[in-house]
Amino acid sequence: MSGEKHHIVPYRLYFVVLIALLALTFASVWITSIELRDYTVAAALLFAIVKSYLVLNYFMHLKYDKPYIKIMVGFVFAIFLVMIVITFLDYLYR
Amino acid sequence: MQTTAVNGANYLTYQGKYKGLLGWILSTDHKRIGLLYLYSIATMFTTGVLLGLAMKFELLAPGKTIMEAQTYNSVFTVHGVIMIFMVVVPGLPAVFGNLMLPIMIGARDVAFPKLNLLSWWLYVAGVFLVLAALLFGKGSPDTGWTFYAPYSFKTGTNMLPAIFGAFVLGFSSILTGLNFLVTIHRLRCKGMKWMKLPLFVWTLYGTAWIQLLATPVVGITLVLVALERVFGVGIFDPALGGDPILYQHLFWIYSHPAVYIMILPAMGAISEIIPTFSQKHIFGYKALIASTMAIAFVGYLVWGHHMFTAGMSGTAQYYFSLLTFIVAIPSAIKVFNWISTLYKGSINVQTPFYWAVSFIFVFMIGGLSGLVLGALATDVHVHDTAFVVAHFHYIVFGGTGFAFFAAIHYWFPKIFGRMYDKAWANTGWLVFFVGFLALYTPMFYLGMMGMPRRYYDYLEEFHGGNILSTFGSWVLATGFIIIVVNLVRSARKGAPAEANPWHGKTLEWTVPSPPPVLNFDEEPVLGEKDGPYNYE
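Along each chain, the written sequence defines residue order, and numbers are assigned to residues from 1. Going through the entries in the order they are written, you letter the chains from A and number the ligands from 1. Residue-level local features of this predicted model are given only where pLDDT is at least 70; pairs of side-chain atoms are given and counted only at 80 or more, and the full residue set underlies all totals for whole chains, interfaces and linings.

By the naming in an unreviewed UniProt entry, chain A is Cytochrome-c oxidase, taken from Maribellus luteus. UniProt positions are given in the numbering used here, feature names are shortened, and annotations may be inferred rather than shown by experiment. Heading Subcellular location (unreviewed entry) of the UniProt record for chain A holds this comment: "Cell membrane".

In structure tokens form, the structure reads like this:
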């Protein structure tokens, strides 16, 4: 473990990501003022996905981690996605 | 693979910064934490057994026998909550995972020892919260351990502390899983490649993933129930536009994988015991690993088979039924591999071996009766009957419970440095096994004939089966007393045990009994030809 290199992220990048997260938060509130009907939830989720991506990659350093860590995180999201899809197999056909 | 003996104190007698009781409840030594879990879980198991005996006594005759219907509702709820959240879910991972995992991979401790201690404290906090629900407020919870909506937010009983207790217990489980995942990834000794890991470690790895990914789902679900109860937010309540079936989806997304949290480490313990007492390389090592991971993965996707009669869509029912049948395949692979390992082995018939083979026997019956429940047509007939209770207890008690007893008899000399009385241990197993069969087998028949579960009364035609079942509960309790008395006495007064009394090949048998504080004098190194089951 001691031989591993630690990637040092410049403060400037953290700051840019922070600004992006704040902007996306305001945007996700703003989008609710537009009548999107069935797509309202989808729009909110879209913003949430982009924000999660930024947090995972930059704040949690996934971007600089080894591939197997990325695969493990990807696997977790795949499981989550499958659970959602299966649950909706009930809702769509009930 | 041999390591030199440590001259220093063993973990049982070691005096660190704190002495006496504080030296235990503030210890970050994985072995001491494992023992803390053992004593806590044994206490809760005994409580659960007493509640179970009370239930069976109530069912000795039709009508009221010793308690009112409402009391019966509370008793089966508390029995379920204790046995699921406090005994079988933490059971093997928290006790034997903590005691053995670091030693089996050649590490000195888990990756996060303080987090490990926090896990135990959270477990204790969760236990006290649930106990508070029993003793204070408006009466014990009476919804069943599943806390089904809408009853869980309509009932006037004391639900919030019980729900919060289950939530805290979930946190304990998540932290243990996280700790084990990192430990297995990062702290393996030199030469301990993935394909040299003992199978118990592999099953802990699969279990840890489930603990980490599935437990938060039930955590947030229970929070939603609490919000529904306090603020009436209308997520599950149909009167407010909510969907009670959504609760069942969310609950079983966790609680079905939780069955695999219970059974996978049990299978891992059996996979250690069978080759040791056959003195033979485990048959199909890679197939057992693949089946472990397959069970862990497919186990995520079958939760809907608990809901076939709940009003779920037909499409979802077909899907869940199909996947339920698929998950039976890796389970069967394990059974075939264990039996193939026994074939032409040098069988050493000792107490852990008795427990292990009886595990295979009852697990087979439990598994095959599960297929009856996984098939859509037959499930409608036996759903919510005593058949389900019999199947579930054959799997969870017969599976996880028997494996737990197998594991404690297997690792007892390593944990305590003393050997138990083998004659009494064998007697305890025999009495327990006979009691188990007499207790649960009649329930298959009763369920097939239509006796519903969770009723304190029944029709006269079910009387015979219930008498036999209640009698079985007394026999089982007698066996349990024999086992506990023998183990407790032997832990204090048993003959000193050798470092490797069963001639095992995994790393824990290379250190003295009981193990030294830091497990190894020097980090062990595995050579190319070393392996966990190299008996040839």
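(A) Seen up close, the overall build of chain A. Assigned secondary structure in chain A consists of 3 helices and 0 strands. Numbered from the N terminus, helices here are DSSP runs of H or I no shorter than four residues, and strands are runs of E no shorter than two. Secondary structure elements in chain A, listed N-terminal to C-terminal, are α-α-α. We compute the radius of gyration from the C-alpha atoms alone; for a globule the expected value is 2.2 Å times N to the 0.38, where N is the number of residues. For 94 residues, the compact-globule formula gives about 12 Å, and the C-alpha radius of gyration of chain A, at 17 Å, lies well above that figure. The dimensions of chain A, computed from C-alpha atoms along their principal axes, are 55 × 30 × 10 Å. Once C-beta atoms are placed from the backbone, each residue is buried if 20 or more other C-beta atoms lie within 10 Å of its own, exposed if 12 or fewer, and partly exposed for counts between those two. Residues classed as buried in chain A amount to 2% of the 94 residues present.

(B) View of the interface of chain A and chain B. Across the contact, 11 residues belong to chain A and 12 residues belong to chain B. Three residue categories are used. Nonpolar comprises Ala, Val, Leu, Ile, Met, Phe, Trp, Tyr, Cys and Pro, charged comprises Asp, Glu, Lys and Arg, and polar comprises the others, including Gly. Across the side of chain A that touches chain B, the residue classes tally to 8 nonpolar, 1 polar and 2 charged. A pair of residues counts as a contact when their C-beta atoms, built from backbone coordinates, are separated by no more than 7 Å.

(C) Molecular detail of the domain arrangement of chain A. Domain delimitation in this document rests on an assignment produced automatically or drawn from a domain database. We note that the domain assignment places domain 1 (1-60) and domain 2 (65-94) within chain A. A straight line from the C-alpha centre of domain 1 of chain A to that of domain 2 of chain A covers 19 Å.

(D) Quick peek at the environment of F297 of chain B. All names here are of chain B. With respect to the helices, strands and loops of the structure, F297 is situated in helix α10 (residues 285-298). Under the C-beta neighbour-count criterion, F297 is labelled partly exposed, with 19 such atoms within 10 Å. Through-space distance from the C-alpha of F297 to that of V517 is 36 Å; in sequence the pair is 220 residues apart.

(E) Geometry of unusual backbone geometry. A149 of chain B connects to P150 of chain B through a cis peptide bond whose omega is 0°. When you line up the elements, P150 of chain B lands in the loop between α5 (113-135) and α6 (151-154). A cis amide bond links S513 of chain B to the next residue, P514 of chain B, at an omega of -10°. One can find P514 of chain B in the segment after β2 (495-496). Notably, R37 of chain A is not glycine yet its phi reads approximately 55°, a positive angle. By the element assignment, R37 of chain A lies in the loop between α1 (11-30) and α2 (40-59). In this structure R37 of chain A comes out as exposed when scored by C-beta crowding, with 5 C-beta atoms within 10 Å.

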